[in-house]
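Topology and contacts: notes
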Amino acid sequence: MIFFDNVSKIYSHNSAAVRNVTLRIEPKEFVSLVGASGAGKTTLLKLLLREEDSTEGTIFLDGLDVTALTRDELHHVRRRIGTVFQDYKLLPTKTAAENVAFAMEAAGRTDAEIDEDVPQVLDLVGLADKMDNFPHQLSGGEKQRVAIARALVNRPDVLLGDEPTGNLDSVNTGEIVKLLKKINQLGTTVILATHDKQVINTLDKRVIVLDQGEIVSDNAKGTYQA
Ligand SMILES: Nc1ncnc2c1ncn2[C@@H]1O[C@H](COP(=O)(O)OP(=O)(O)OP(=O)(O)O)[C@@H](O)[C@H]1O
Ligand SMILES: [Mg+2]
């Protein structure tokens, strides 16, 4: 379970990026974070990853206080959270398979595990036939699939997406949303920050709306009009 307990983040003294957020996300939930540019979506994700320190409040990941971790615990927490971003962040000199393998090497997995898991996860995202392509030989949607495969290969409990469909057309956006739903059905908690009304309104999942750092609505089957 993820629990934000009255969390605020103030970057500069005059305004809070996240303001008194109390939020509980159960294992295997699919939650979208929406709101205008600057509403605090990315900041919330960064607080959970402990890429930023909260100014106030406490954040728990399965009972572990993310705001008070030792270095070892931080390492462990980050291994449990996969991340995907709008700009994919693939290594341009590595193939799709090598990009995924690299994440496994960094996690200390063996060559045998890598040989077994990389093709499996690329198959899961529908890219079995493009494993040896370099990023420049892949479409935007395919690049995002590689990034999702890389985020999943170490079997995280939670997948965070920060505008993962932001650079994609509506067909590819629909495909990525389908894939995220499938990953969620396989048992991964998904937290998705997005502006995209199409995404929200086709998901039919919980939607949390942020406005100037505050939660202004939280609906189990949300739609998004703004
Ligand atoms: N490193 C930083 N230093 C100072 N202010 C920051 C920093 N990062 C974000 N902010 C401010 O915090 C607020 C929330 O930013 P955040 O990036 O979380 O918004 P967002 O909802 O992700 O927006 P977008 O939809 O544009 O990605 C904004 O006012 C932003 O200017
Ligand atoms: Mg953002």
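Structure report, in brief. No experiment lies behind these values; they were computed from the predicted model shown. (Residues numbered from 1 in each chain as written. Chains lettered and ligands numbered in written order. Predicted model: local features only at pLDDT ≥ 70, side-chain atom pairs only at ≥ 80, totals over all residues. Heavy atoms only, no water.)

Digging into the packing of aromatic side chains
The cut-off we apply is this: Between 30 and 60 degrees the pair is tilted, below 30 it is stacked and above 60 it is edge-to-face, where a pair is any two Phe, Tyr or Trp rings, Trp via its six-membered ring, whose centres lie within 6.5 Å. Both a distance and an angle decide whether a charge sits over a ring: NZ of Lys or CZ of Arg must be within 6 Å of the ring centre and within 35 degrees of the ring normal.
Overall, the coordinates contain zero aromatic pairs when judged by the stated rule. It is Lys-89 that lies over the ring of Phe-85; its NZ or CZ is 5.2 Å from the centre.

Some details on the site of ligand 1
Short version of the rule: One heavy atom suffices: a residue is near a molecule or strand as soon as one of its heavy atoms comes within 4 Å of it. Between N or O atoms, a polar contact is any pair within 3.5 Å; within protein, one atom must be a potential hydrogen donor and the other a potential acceptor, and residues adjacent in sequence are included only when both atoms are from side chains. Computed with the Shrake-Rupley method and a 1.4 Å probe, the accessible areas treat only the protein chains shown as cover for residues.
Around ligand 1, a shell composed of Tyr-11, Ala-17, Ala-36, Ser-37, Gly-38, Ala-39, Gly-40, Lys-41, Thr-42, Thr-43 and His-195 is seen. Thr-42 places a side-chain nitrogen or oxygen 2.8 Å from an oxygen atom of ligand 1. When the free accessible area of ligand 1 is taken as 640 Å², the share hidden by the protein chains comes to 58%.

Here's the deal with the packing of helix H3 (residues 96-106) against helix H5 (residues 140-152)
Convention followed: All axes are obtained by fitting lines to C-alpha atoms, using only the stretch in contact for helices, and the reported angles, taken between N-to-C directions, cover 0 to 180 degrees. A run of H or I in DSSP becomes a helix once it reaches four residues, and a run of E becomes a strand once it reaches two; helices and strands are each numbered from the N terminus. Comment on the angle field: the value is read as roughly parallel under 35 degrees, roughly antiparallel over 145, roughly perpendicular from 65 to 115, and oblique elsewhere. Whether a crossing is left-handed or right-handed is set by the direction in which the near helix is turned from the far one by less than a right angle, anticlockwise for left-handed and clockwise for right-handed. Should any heavy atoms of two residues lie within 4.5 Å, those residues are counted as being in contact. For this scheme, ten residues count as nonpolar: Ala, Val, Leu, Ile, Met, Phe, Trp, Tyr, Cys and Pro. Four count as charged, namely Asp, Glu, Lys and Arg, and the remainder, Gly too, count as polar.
Interhelical geometry of H3 versus H5 gives an angle of 25 degrees and a closest axis separation of 8 Å. Considering their axes alone, H3 and H5 lie roughly parallel with respect to each other. Two packed elements cross with a definite hand, and for H3 against H5 that hand is right-handed. The residues of H5 that touch H3, namely those facing Ala-96, Asn-99, Val-100 and Ala-103, are Val-146, Ala-149 and Arg-150. A per-class count over the contact of H3 with H5 returns five nonpolar, one polar and one charged.

Some points on unusual backbone geometry
Stated precisely, the cut-off is as follows: Note on classification: 1.4 Å probe, protein chains only; a residue is buried when its accessible area is under 20% of the maximum for its type, exposed when over 50%, partly exposed between these limits.
Phi is positive for Arg-50, which is not a glycine, with a value near 60 degrees. Despite not being glycine, Arg-155 has its phi angle at roughly 50 degrees, a positive value. Its relative accessible area of 56% is what places Arg-155 among the exposed residues.

So, empty space enclosed by the protein
Stated precisely, the cut-off is as follows: Every definition here rests on a 1 Å grid over the protein atoms only: cavities are sets of points where a 1.4 Å probe fits but cannot get out, pockets are open sets enclosed by protein on both sides within 12 Å along at least five of seven lines, and lining residues have some atom within 4 Å of a point. Grid points are joined across faces, edges and corners, and a volume is the space filled by probe spheres set on the points.
Scanning the model with the defined rule gives one cavity of 30 Å³ or more in all. The volume enclosed by the largest cavity comes to roughly 50 Å³. Lining the largest cavity are Phe-4, Leu-23, Ile-25, Leu-33, Leu-44, Leu-45, Leu-48 and Ile-191. Of all elements in the fold, only strand S2 (15-25) and helix H1 (41-48) reach the threshold of two or more residues within the lining of the largest cavity. If one sorts the elements of the lining of the largest cavity by residue count, H1 sits on top with three residues. Its residues assigned to classes, the lining of the largest cavity comprises eight nonpolar, no polar and no charged.

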